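# Descriptive structure summary
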Amino acid sequence: YTLPSFEFIGLFSPRISDKKNKKEKPMHKLTQDLPISMEAPGTKMANIEWGGMVVNYVELPGGADFTPMFEGLPDDKCQCPHWGYVLKGAVFTRYADGSEEKTEAGEVFYWPPGHTGWVEVDSVFIDFSPAEEFSVVAEHLAKKMEQAS
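Our subject in this report is the structure included herewith. (Residues numbered from 1 in each chain as written. Predicted model: local features only at pLDDT ≥ 70, side-chain atom pairs only at ≥ 80, totals over all residues. Heavy atoms only, no water.)

What follows deals with a nonpolar patch on the surface. On the surface, a nonpolar cluster with roughly 290 Å² of combined accessible area is contributed by Trp83, Tyr110 and Phe128. Looking at the element boundaries, Trp83 is found in strand 7 (residues 82-88). Overall, Trp83 belongs to the partly exposed group, its relative accessible area being 38%. (Patch = residues over 30% accessible without salt bridge, like charges linked within 9 Å, V, L, I, M, F, W, Y side chains within 5 Å. Areas by Shrake-Rupley, 256 points an atom, 1.4 Å probe, with all protein chains shown as cover. Salt bridge = Lys/Arg side-chain N within 4 Å of Asp/Glu carboxyl O. Helix = DSSP H or I, 4+ residues; strand = E, 2+ residues; numbered from the N terminus. Buried < 20%, exposed > 50% of the residue type's maximum accessible area, 1.4 Å probe, protein only.)

In this section: the side chain of His140. Note that His140 resides in helix 2 (residues 131-148). Apart from residues no more than four positions distant in its own chain, His140 is found in contact with Met69, Phe70, Glu71, Gly72 and Leu73. (Contact = heavy atoms within 4.5 Å.)

Here we come to the pattern of salt bridges. Within this structure, the stated rule accounts for 2 salt bridges. A salt bridge links Glu104 to Lys102, with the shortest nitrogen-to-oxygen separation between them at 3.9 Å. By relative accessible area, which is 39% here, Glu104 ends up partly exposed. The partly exposed category is assigned to Lys102, whose relative accessible area is 43%.

Below, the discussion takes up the side chain of Ser123. Among the structural elements, Ser123 can be located in strand 12 (residues 123-130). For Ser123, a relative accessible area of 1% gives the class buried. A polar contact is formed between the side chain of Ser123 and the backbone oxygen of Ala90, at a distance of 3.0 Å. (Polar contact = N/O pair within 3.5 Å; in protein donor to acceptor, adjacent residues only side chain to side chain.)

A separate point is unusual backbone geometry. Unusually for a residue other than glycine, Asp75 sits at a positive phi of about 60°. By the secondary structure assignment, Asp75 is in the loop between helix 1 (67-70) and strand 7. The class of Asp75 is exposed, set by a relative accessible area of 60%. Here Asp76, not a glycine, exhibits a phi torsion of approximately 55°, which is positive.

The following block contains the structure:
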């Protein structure tokens, strides 16, 4: 099962600030209030950039596999590091050296550059990634989804 076609909505919301008072507004949101960047049946990605990092909320249906979506990136792997927490289900990662690991609900993680991932059951996680690296991967994913539709 590969990820279904997505409707690409947009990657990032502009940083929230009050230019008149030159004071930043609070940088916190409920996950359901994050701007949606990609959505398909059973799949949702919502994210925002704060302080040079992207906060990314991801829902995936069982059987979703990112591997085909990363084809065309160096080593056909995601080159962005991610730190995060699995809320539901489990996420499997495979690295360039062939090693694999499983991150289950309740566990925090660090996925270094050079990985791919998939889920076997419906899963939800939050990750935090450097905006610059994330934008390269997100642009690649947008092009892959455009080609698929």
